[in-house]
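A structural walkthrough
Chain by chain, the residues run as shown.
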Amino acid sequence: MKRFVDQGILSYHFIQFPIWVTCSFCQKAAQITQIIDTDSNNTKSIFSCLHCYKQYDYEENHYKTTNEHVEARIDQRCPCKHGYYRYFKTFNHKSHVPKFVHLSCSICETTQKFDVPIYRTYSNYQRNSFFDHTLWLTEETRLGKIYAYNKIHLQYLKAYIEADLRERTYLNVNKTYFNRLPAWIKSARHRKEVLKAISRLEEKLKQVEST
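What counts, and where the lines are drawn
- Residues numbered from 1 in each chain as written.
- Predicted model: local features only at pLDDT ≥ 70, side-chain atom pairs only at ≥ 80, totals over all residues.
- Heavy atoms only, no water.
- Helix = DSSP H or I, 4+ residues; strand = E, 2+ residues; numbered from the N terminus.
- Buried < 20%, exposed > 50% of the residue type's maximum accessible area, 1.4 Å probe, protein only.
- Contact = heavy atoms within 4.5 Å.
- Areas by Shrake-Rupley, 256 points an atom, 1.4 Å probe, with all protein chains shown as cover.
- Phe/Tyr/Trp six-rings, centres within 6.5 Å; stacked < 30°, edge-to-face > 60°.
- Core = buried A, V, L, I, M, F, W, Y, C linked by side-chain atoms within 4.5 Å.
- Expected span 1.5 Å × (residues − 1).
- Arc of directions from axis to C-beta.
- Pairing = 2+ DSSP bridges.

This paragraph deals with the overall build of the protein. When helices and strands are tallied, the protein shows 3 helices and 15 strands. When each of the 211 residues of the protein is scored for burial, the buried share is 40%. Contacts spanning at least 24 positions in sequence make up 55% of the contacts within the protein whose residues lie at least 6 apart. Accessible surface computed for the protein: about 13,000 Å², of which carbon and sulfur atoms make up 48%.

As structure tokens, then:
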């Protein structure tokens, strides 16, 4: 029988760098780390992508990761009257939207150049995010999303789900991370499905750590 003792861990205890996030430029794995600035002796949060190699000081470049996402969409009928030119994509900031794209007709495959309009903006606030980036370690299930900031967070979550006996060593039961997890994650009925999702996240983490 596996046993887990909840010692009152709060959500912010898992915010230990590096934090794995999704790059807003290439949609691949990226890290947010902290370093000490030798000039000011202050800590700096550094964003760095493992694929497109974008890197910047987050505090100085917050506009690149604003939580007001923009949506670009093209849906235009081709002169052949049978096909369409279609383009749909979301971006973290309007500065990321390309000025134009080349699209091919879905039927006759004729290529044309189109300006890319921005149709609307919307708030992207979500719990599975950090510094307005969607967490890389996010897995969709039929019941909802499971996410983790990093390896430590994932290990604790797995240990909690696997446990047949869960105990606590604190009095306030309403504030801890594990107590505030959704009921479907804590349910023994869904344990097998949740552990499968966590296994997929572990494999996802293993792949990016090996790059």
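Now, onward.
Applying the stated criterion across every chain yields a total of 9 aromatic pairs. Geometrically, the ring pair formed by Phe14 and Tyr177 is edge-to-face, given 5.0 Å between the ring centres and 75° between the ring planes. Here Phe14 is found in the loop between strand S1 (3-6) and strand S2 (19-22), whereas its partner Tyr177 is found in the loop between strand S15 (165-168) and helix H2 (183-186), with 163 residues between them in sequence. Judged by centre distance (6.4 Å) and plane angle (85°), the ring pair of Phe14 and Phe178 falls under edge-to-face. Here Phe178 lies in the loop between S15 and H2 and Phe14 lies in the loop between S1 and S2, a separation of 164 residues in the sequence. For Phe178, a relative accessible area of 1% translates into the label buried. A network of ring pairs unites the aromatic residues Phe4, Phe14, Tyr156, Tyr160, Tyr177 and Phe178 as a single cluster.

Turning our eyes to something else, we now look at the environment of Gln27. With respect to the helices and strands, Gln27 occurs in the loop between S2 and strand S3 (29-36). Accessibility expressed as a relative area gives 42% for Gln27, which makes it partly exposed. Taking the C-alpha atoms as reference points, Gln27 and His51, separated by 24 residues in sequence, lie 9.2 Å from one another. Ignoring any residue separated from it by four or fewer positions in sequence, one finds Gln27 in contact with Thr22 and Trp136.

So, on to the side chain of Thr141. Within the element layout of this structure, Thr141 appears in the loop between strand S13 (137-140) and strand S14 (145-148). With near-sequence residues (within four places) excluded, Thr141 lies in contact with Ile146, Trp184, Glu193 and Ala197.

Note that Val97 resides in the loop between strand S7 (84-91) and strand S8 (100-104). Sequence separation between Val97 and Glu71 is 26 residues, and the spatial gap between their C-alpha atoms is 8.8 Å. Aside from chain neighbours lying at most four places away, what touches Val97 is Val70, Ala72, Phe91, Val116 and Ile118.

One broad rule of soluble globular proteins: the nonpolar side chains tend to lie buried together. Among the nonpolar cores identified, the biggest contains 37 residues, and Val21, Phe47, Ile146 and Phe178 are the most heavily contacted of them. When contributions to this core are tallied by element, the ones reaching two or more residues are S2, S3, strand S4 (43-49), S14, helix H1 (151-162), H2 and helix H3 (191-209). If one sorts the elements of this core by residue count, H3 sits on top with 6 residues. If we skip the residues at most four places from it in the chain, Phe178 touches Phe4, Asp6, Ile9, Phe14, Tyr156, Leu157, Tyr160 and Lys186. Counting 13 residues, the second-largest nonpolar core is a separate cluster that includes Val70, Ile74, Val97 and Val116.

Attention shifts here to the side chain of Asp57. Along the chain, Asp57 turns up in strand S5 (residues 55-57). Looking at Asp57, the relative accessible area reads 10%, which means it is buried. For Asp57, the contacting residues outside a window of four places in its chain are Lys44, Ser45 and Ile46.

For the rest of this paragraph, the subject is H3. For H3, built from 19 residues, the straight-helix expectation of 27 Å at 1.5 Å per residue is met to within 8% by its first-to-last C-alpha distance of 26 Å. All of the buried residues in H3 are Val194, Ala197, Ile198, Leu201, Leu205 and Val208. Angular distribution of buried residues about the axis of H3 spans 100°; they occupy a single face of the element. Seen from the open side of H3, the exposed residues pointing more than 90 degrees away from its buried face are Lys192, Lys196 and Lys206. At its buried positions, H3 is contacted by S2, S3, S13, S14, H1 and H2.

Here we come to the pairing of S13. By the bridge criterion, 4 bridges tie S13 to S14 in an arrangement that is antiparallel. What sits directly across from Thr138, in S14, is Tyr147. Here S13 hands over to S14 after 4 residues, with Gly144 in that stretch at a positive phi of 155°.

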